[in-house]
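Below, each chain spelled out in residue letters.
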Amino acid sequence: MSPARLSRRGLFGVLAASAAATAGCGGLPAERSGAPLTSRLTLPQPFTVPLPLPRTARPGADGTYELVQRPAQVEIIPGHRTEVWGYDGTFPGPTFDVRAGRPARVRIVNELPVPTTTHLHGGVTRPEFDGYPTHLVVPDSLTGRFHPVHGQHAGHGSAWKTSPGRFVHEYPLDQPAAMLWYHDHRMDFTAPQVYRGLAGMFLVRDDVEDALPLPRGARELPLLICDRAFESDGALRYPAVDPTLLGEPGVTGAHHQGVEGDVILVNGAPWPEAEVAAVRHRLRILNASNSRRLDLRLDPPPPTGSPFTQLGSDLGLLARPQHLDQVVLASAERADVVVDFGAYPVGTRVVLRNHLGAGRARDVMRFHVTRREADDSAVPAVLADVPTLSADQAVRSRRFDFRLSGPGPHGKKWMINGQPFDPGASLASPELGTTELWTLTSDFHHPVHVHLGHFQVLSRNGRTPRPSDAGWKDTVDVRPYEVVQLLVRFAGFRGRYMLHCHNLEHEDMAMMANIDVV
Ligand code: C2O
Ligand code: CU
Ligand code: CU
């Protein structure tokens with residue numbers, strides 16, 4: 001059986017006595033293994049809070065965007081104050097809305113009590129700007145008190161890079177229109193830092209998309225869906241071994257499979273409601289949960305037509321739209337869908353449900369169809385020119401096995417090919433400009449994510465992929481004991497990138513590997 005806790009010792013030392021004094025005082029009661037965390041305050045009735053839209057990020061006078069990571073008190077559960085760690089103190093962070101081919105510079109200023117690193121998920125970005133887990137922005141408050149130390153990574157000191165206070169990322173954005181997202185990626189502490197609020201949406205637009213008569217403006221809704229739990233005082237509830245996030249990483253044992261909360265948030269609001277006109281809306285859906293999977297359906301389904309018309313997936317438009325009854329998203333996956341509220345009588349309340357959720361976590365949000373309006377949008381039969389990769393384009397094949405392994409010299413951990421993450425080692429060296437055939441196997445649900453490499457799903461258990469696999473992807477929902485084949489294209493830049501499980505607790509507990517694009 002699994003040990004009481006799965007965590008990794010000795011990666012960091014903190015000379016701050018205060019951090020050491022408070023480390024490891026979790027004191028949470030045991031919860032059933034794998035069960036969601038239970039909130040300890042009275043939760044609001046569903047569909048009583050309006051759907052918020054994060055503000056749009058704007059560049060400064062010098063053309064550089066600036067995001068200040070800082071703690072902030074916000075009202076998530078009505079009547080309670082919750083401290084979040086947010087980009088500009090907001091959760092989710094500001095939404096970027098930028099043009100393909102126009103490079104963006106984003107300055108991250110860290111005013112949090114912990115180091116951070118920021119990754120643009122799905123971005124084709126040089127390795128030094130990719131938010132590698134050991135490239136840390138160390139806040140001024142920790143200067144001189146925080147340093148990566150030896151332990152497991154002795155001898156790999158060169159993997160660590162620290163920037164005092166701030167760091168400017170350069171994103172070329174030389175890639176098709178898509179909904180990317182940005183989030184924290186700090187070594188060993190990604191899960192708790194994203195949970196506290198470090199995530200936001202990043203829309204890339206291009207002329208191909210602009211030429212389509214899709215719903216736009218107020219009829220395009222970015223929806224960042226995630227789950228959280230709350231303490232009685234309104235604080236976010238998370239089972240960190242060390243709640244300061246400066247000492248020992250990891251979560252208490254019952255949660256090593258992945259942390260789920262009992263409150264579903266959309267754009268940071270619990271079970272919100274959006275008033276919509278009876279017209280087509282474009283929903284840009286991101287599953288930003290640490291580990292919760294989503295199988296989204298509409299209740300009631302529309303009297304005519306299919307509930308969802310999918311336009312795109314992780315990395316942009318599909319060649320043709322597909323009609324779906326359900327939208328299935330593992331952590332970090334995105335879906336770009338149109339819902340035609342014109343199919344419903346005015347006055348209808350349409351609930352977006354997660355059929356994989358239990359109890360109150362089954363509800364996500366509600367749309368209230370309040371009025372008729374003219375609709376000049378349409379979903380064309382052909383959306384974009386998306387070439388289909390074929391296996392004969394692959395120049396080599398590799399296998400990656402995602403599994404809870406051990407006990408061994410490293411204990412029992414989430415590993416890839418039997419290896420826990422080692423920042424000094426790499427599992428593959430694909431060549432820039434080539435396509436590879438990757439076979440993924442697993443023992444559990446593992447949403448597998450590749451940095452830089454964009455892929456198409458070739459097969460699942462030797463059969464055709466699922467609808468949720470369509471298009472260019474950066475994350476694939478690998479299910480227990482499945483064999484999933486991908487064609488992965490490496491384009492953009494040479495250097496060190498990664499491959500990891502996007503169940504953030506698995507990621508923190510070693511299920512990552514380097515890939516060196518050569
Ligand atoms: Cu969304 Cu390596 O992460
Ligand atoms: Cu990524
Ligand atoms: Cu996993």
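Owing to the predicted nature of the structure, the values given are computational and were not obtained by experimental measurement.

With that settled, consider the overall build of the protein. Along the backbone of the protein there are four helices and 36 strands. If you line up the protein on its principal axes, its C-alpha atoms span 65 × 60 × 55 Å. Across the 518 residues of the protein, 61% fall into the buried class. Within the protein, counting contacts between residues at least 6 apart in sequence, those at least 24 apart form 80% of the total. Carbon together with sulfur atoms contributes 51% to the accessible area of the protein, which is approximately 19000 Å² in total. Each charge class in the protein can be summarised by its mean position, and for the 53 positive and 55 negative side chains these summaries are 2 Å apart.

Another point: the coordination of the copper ion (ligand 2). Protein coordination at the copper ion (ligand 2) comes from His 119 (NE2) and His 449 (NE2), with a distance range of 1.8 to 1.9 Å. With His 119 in strand β7 (residues 118-121) and His 449 in strand β31 (residues 446-450), this pair connects stretches of sequence that are 330 residues apart. On the accessibility criterion, His 119 (1% relative accessible area) is buried.

Here we come to the environment of Asp 474. Take Asp 474: it is sitting in the loop between β32 (454-460) and β33 (475-478). C-alpha separation for the pair Asp 474 and Leu 67, spaced 407 residues apart in sequence, amounts to 25 Å. The contact partners of Asp 474, leaving out residues within four places of it in the chain, are His 121, Gly 122, Asp 314, Leu 315, Arg 334, Val 448, His 449, Val 450 and Phe 455. Among the polar contacts listed, one links the side chain of Asp 474 to the side chain of Arg 334, at a separation of 2.8 Å.

Around the copper ion (ligand 3), the donor atoms from the protein are His 446 (ND1), Cys 501 (SG) and His 506 (ND1), and they sit 1.9 to 2.1 Å away. On the primary sequence, the residues serving as donors to the copper ion (ligand 3) are separated as H-x54-C-x4-H. Of the two residues, His 446 sits in strand β31 while Cys 501 sits in strand β35 (residues 495-501), which places them 55 residues apart along the sequence. Just as His 446 is buried, Cys 501 falls in that class too.

In spatial order, the strands read β18-β26-β25-β20-β23; together these five strands make up an open sheet with mixed pairing. Two strands close off the open sheet at either side, each with one partner strand: β18 (273-277) and β23 (327-329). Neighbour to neighbour, the strand axes of the sheet diverge by 25° on average, direction disregarded. Where β18 lies against strand β26 (residues 363-371), five bridges are found, and the strand directions are parallel. Residue pairing in the sheet places Glu 275 in a bridge with His 368 of β26.

This part covers the sheet that holds β32. Sheet architecture is open: five strands sit in the order β28-β27-β30-β34-β32, paired in mixed fashion. On the outer flanks of this sheet lie β28 (413-416) and β32, each paired with one strand and no other. On average, each strand axis in the sheet is inclined to that of its neighbour by 20°, with strand direction left out of account. Pairing between β32 and strand β34 (residues 483-489): six bridges, direction antiparallel.

Okay, the pairing of β33 next. Residue alternation in β33 divides its side chains into two sets, Thr 475 and Asp 477 and Val 476 and Val 478, and both sets are buried. With four bridges connecting them, β31 and β33 associate as antiparallel partners. When the bridges of β33 are listed, His 449 appears paired with Thr 475.

Before going further, it helps to examine the side chain of Glu 482. Mapped onto the fold, Glu 482 is located in the loop between β33 and β34. For Glu 482, the side chain forms a polar contact with the side chain of Arg 460, separated by 2.6 Å. Here Glu 482 is in contact with Leu 440, Thr 441, Ser 442, Arg 460, Asn 461, Arg 466 and Asp 477, once residues within four sequence places are set aside.

Right, let's get into the environment of Tyr 182. Mapping Tyr 182 onto the fold places it in strand β12 (residues 178-184). By relative accessible area, Tyr 182 is classed as buried at 3%. Put simply, Tyr 182 and Asp 325 are 143 residues apart on the chain and 29 Å apart in space, counted from C-alpha to C-alpha. In terms of polar contacts, Tyr 182 uses its side chain to reach the backbone carbonyl oxygen of Pro 94, at 2.6 Å.

Conventions and cut-offs
Residues numbered from 1 in each chain as written. Chains lettered and ligands numbered in written order. Predicted model: local features only at pLDDT ≥ 70, side-chain atom pairs only at ≥ 80, totals over all residues. Heavy atoms only, no water. Helix = DSSP H or I, 4+ residues; strand = E, 2+ residues; numbered from the N terminus. Buried < 20%, exposed > 50% of the residue type's maximum accessible area, 1.4 Å probe, protein only. Contact = heavy atoms within 4.5 Å. Areas by Shrake-Rupley, 256 points an atom, 1.4 Å probe, with all protein chains shown as cover. Lys, Arg positive; Asp, Glu negative; His and termini not counted. Charge placed at Lys NZ, Arg CZ, Asp CG, Glu CD. Donors = N, O, S within 2.8 Å, 3.2 Å for Na, K, Ca; no water. Polar contact = N/O pair within 3.5 Å; in protein donor to acceptor, adjacent residues only side chain to side chain. Pairing = 2+ DSSP bridges. Axes fitted to C-alpha atoms, helices over the stretch in contact; angles between N-to-C directions.

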